[in-house]
There are 2 protein chains.
Amino acid sequence: MNPARTDHRKAIRVVIAEDQGMVLGALAALLEIEGDIAVVAQARTGKEALEAVLGHKPDVFLTDIEMPEMTGLDVAAELKRRRAGTRVIILTTFARAGYLRRALDAGASGYLLKDMRAEELADAVRRVHQGLRVIDPELATEAWGEPDPLTDRERQVLRLAGDGMASGDIADQLSLSEGTVRNYLSEAISKLGAGNRVEAARIARTKGWL
Amino acid sequence: MNPARTDHRKAIRVVIAEDQGMVLGALAALLEIEGDIAVVAQARTGKEALEAVLGHKPDVFLTDIEMPEMTGLDVAAELKRRRAGTRVIILTTFARAGYLRRALDAGASGYLLKDMRAEELADAVRRVHQGLRVIDPELATEAWGEPDPLTDRERQVLRLAGDGMASGDIADQLSLSEGTVRNYLSEAISKLGAGNRVEAARIARTKGWL
DNA sequence: TCTGGCGGATGACATTTGTCACCGCGGCGC
DNA sequence: GCGCCGCGGTGACAAATGTCATCCGCCAGA
């Protein structure tokens, strides 16, 4: 099962980031079983992760997306900006085209879903370490779908509306007039083919456009 | 770290259920590391889990809540009904009082959150195996809070409304009149102290009342 | 300089939501 | 039998929401 019982000094060095402690520890255990992979640090927030990667300069950085303080996508983007040599694998629950696109833009080498079989993880790490790209097949095909029709304003407004905030309150928070908020919402609703703000927010969320 | 390097035939036998393959496998790896715990089966849906537990009669059943086909809570309730001797530990993302209450009603011996430290899991399994109860401290205190003020109808209506369905459509789906739907919604909104249906749905969800 | 687009705003209107008061019916306890 | 809930329903009304047409100021490109 372990293709290379290599000398431990040559092991692939990995940093893992994931906000749920239980999952974090479990993933580490999963990778540690492999003889050729060494988990050199674990992080529970985006900021911790960024520091860990900059400090340890691992070969591979495996990260969740939704974390406190910084998302995994933010961390990936920052690493790209700083030209840290580490390759990034995104590991997330969400099969959302928007997330995948942003991940690739942020220079990620891999995008895997948490409902893949656990056995495939170590292989993905090895592949990415060798310079290959690993994209979950389910996403790879459907992915290059629609390209997010929403403007920034529409996104902001929709996010708040989706949490149940009333038009007036949204207007206050964004320093817009209530009418304008309703206009944006109306635009978003029609762009997304929804029947009302709530449905629109739901659709946008599932597509990863937030 | 392993209190008992016990004879393997005496290992604590565990079945794990969790819909995300990656997490499932990782948790199994985490427990397998311990010398005194043996993972005898893994399941990715509630139904699979039920069959696995009935078939293997493990000492401990560790399960997620939200899974396809049957929730972990449903499985626990069914096991209680059938008087299967297996002790149940719920392992979930959600610190919701409503879930905990239902878990205990369903005879669960443990309720843990996925953001606990991974090291604590094996200990929790051992404790439960010895007949102790293990409840996440964060929940244990706050838990016996408010007791879900919603009626069944209000719950149904709120669920659909929270997904963006319009009053008329909800009425059709539940074979009620639109006015009645609005009445239920209004009741729910005031019971929950919300400002509108969406906020009400959000509140109910976070409390675990769905 | 003109023109077109974009962000933001208005006003008017139809529809949907949220609230309230009140009715009818079937149990259930007394 | 009587009263009283709980569930479902009506009707009416105010407020919030969704839709449109239109307008203004600004700035980039021809």
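Described below are features of the structure shown in this document. Since this is a predicted model, take the numbers as computed values, not measurements.

## Focus on the interface of chain A and chain B
Reasoning step 1: Taken together, the contact between chain A and chain B spans 29 residues of the former and 29 residues of the latter.
Reasoning step 2: Across the interface of chain A and chain B, roughly 2,200 Å² is buried in total on both sides, 67% from carbon and sulfur atoms.
Reasoning step 3: Three residues, Gln-20, Met-22 and Val-198 of chain A, lead the burial of chain A against chain B; their summed loss comes to 28% of the area buried on that side.
Reasoning step 4: Applying the counting rule to chain A against chain B returns 0 salt bridges.
Reasoning step 5: The interface formed by chain A and chain B contains 14 residue pairs in polar contact (both at pLDDT 80 or more).
Reasoning step 6: Of all the secondary structure elements, the ones that give two or more residues to the side of chain A that touches chain B are helix 1 (21-32), helix 7 (152-162) and helix 10 (197-207) of chain A.
Reasoning step 7: When residues of the side of chain A that touches chain B are assigned to their parent elements, the largest contribution, 8 residues, is made by helix 1 of chain A.

## Things to note about the protein's contact with DNA strand C
Reasoning step 1: Around DNA strand C there are 16 residues in total, and Arg-153, Asn-183 and Tyr-184 of chain A together with Asn-183 and Arg-197 of chain B lie nearest to it.
Reasoning step 2: The contact atoms of DNA strand C, taken as those within 4 Å of the protein, divide so that sugar and phosphate hold 58%.
Reasoning step 3: Between DNA strand C and Asn-183 of chain A there is a distance of 2.8 Å, counted from a base oxygen to a side-chain nitrogen or oxygen.
Reasoning step 4: For DNA strand C, a phosphate oxygen lies 3.0 Å from a polar atom in the side chain of Ser-167 of chain B.
Reasoning step 5: Of all the secondary structure elements, the ones that give two or more residues to the surface near DNA strand C are helix 9 (178-192) of chain A together with helix 9 (178-192) of chain B.

## Regarding the packing of aromatic side chains
All names here are of chain A.
Reasoning step 1: Within the structure shown, the criterion is met by 2 aromatic pairs over all chains.
Reasoning step 2: Taking 6.1 Å as the distance between ring centres and 80° as the angle between the ring planes, the aromatic pair formed by Phe-94 and Tyr-99 counts as edge-to-face.
Reasoning step 3: In this arrangement the basic side chain of Arg-96 is found over the ring face of Phe-94, its NZ or CZ atom lying 4.2 Å from the centre.

## Side note on the protein's contact with DNA strand D
Reasoning step 1: Surveying the vicinity of DNA strand D reveals 15 residues, the closest of which are Arg-182, Asn-183 and Arg-197 of chain A together with Arg-153 and Tyr-184 of chain B.
Reasoning step 2: Sugar plus phosphate: this is where 60% of the atoms of DNA strand D within 4 Å of the protein reside.
Reasoning step 3: The side chain of Ser-186 of chain A places a nitrogen or oxygen atom 3.0 Å from a phosphate oxygen of DNA strand D.
Reasoning step 4: Interatomic distance of 3.0 Å between a side-chain N/O atom of Thr-180 of chain B and a phosphate oxygen of DNA strand D.
Reasoning step 5: Examining the composition of the surface near DNA strand D, we find that 5 residues originate from one element, helix 9 of chain B, more than from any other.
Reasoning step 6: Residues that form the surface near DNA strand D fall into these classes: 3 nonpolar, 8 polar and 4 charged.

## A few points about the pattern of salt bridges
Reasoning step 1: Applying the stated criterion to the full structure yields 27 salt bridges over all chains.
Reasoning step 2: Glu-78 of chain A is the salt-bridge partner of Arg-82 of chain A, the closest N and O atoms lying 2.9 Å from each other.
Reasoning step 3: Note on Arg-82 of chain A: relative accessible area 45%, which makes it partly exposed.
Reasoning step 4: On the basis of relative accessible area, Glu-78 of chain A is assigned to the buried category, the value being 17%.
Reasoning step 5: Lys-191 of chain B serves as the salt-bridge partner of Glu-154 of chain B, at 2.9 Å between the closest nitrogen and oxygen. Residue Glu-154 of chain B is located in helix 7 (residues 152-162), and its partner Lys-191 of chain B is located in helix 9; the two are separated by 37 residues in the primary sequence.
Reasoning step 6: A residue is classified by how much of its surface remains accessible, and Glu-154 of chain B, at 4% relative accessible area, is buried.

## Notes on unusual backbone geometry
With the exception of glycine, most residues fall at negative phi, and the peptide bonds are largely trans.
Reasoning step 1: Positive phi values are uncommon outside glycine, yet Arg-83 of chain A reaches one of about 55°.
Reasoning step 2: With respect to the helices, strands and loops of the structure, Arg-83 of chain A is situated in the loop between helix 3 (72-81) and strand 4 (87-92).
Reasoning step 3: You can call Arg-83 of chain A exposed: its relative accessible area is 71%.
Reasoning step 4: If you check the backbone angles, Glu-69 of chain B has positive phi at about 75° while not being a glycine.
Reasoning step 5: By secondary structure assignment, the location of Glu-69 of chain B is in the loop between strand 3 (60-63) and helix 3 (72-81).
Reasoning step 6: For Glu-69 of chain B, a relative accessible area of 55% gives the class exposed.

Conventions adopted
- Residues numbered from 1 in each chain as written.
- Chains lettered and ligands numbered in written order.
- Predicted model: local features only at pLDDT ≥ 70, side-chain atom pairs only at ≥ 80, totals over all residues.
- Heavy atoms only, no water.
- Contact = heavy atoms within 4.5 Å.
- Buried area = accessible area lost by both parts, 1.4 Å probe.
- Salt bridge = Lys/Arg side-chain N within 4 Å of Asp/Glu carboxyl O.
- Polar contact = N/O pair within 3.5 Å; in protein donor to acceptor, adjacent residues only side chain to side chain.
- Helix = DSSP H or I, 4+ residues; strand = E, 2+ residues; numbered from the N terminus.
- Near = heavy atom within 4 Å.
- Phe/Tyr/Trp six-rings, centres within 6.5 Å; stacked < 30°, edge-to-face > 60°.
- Lys NZ or Arg CZ within 6 Å of the ring centre and 35° of its normal.
- Nonpolar A, V, L, I, M, F, W, Y, C, P; charged D, E, K, R; others polar.
- Buried < 20%, exposed > 50% of the residue type's maximum accessible area, 1.4 Å probe, protein only.

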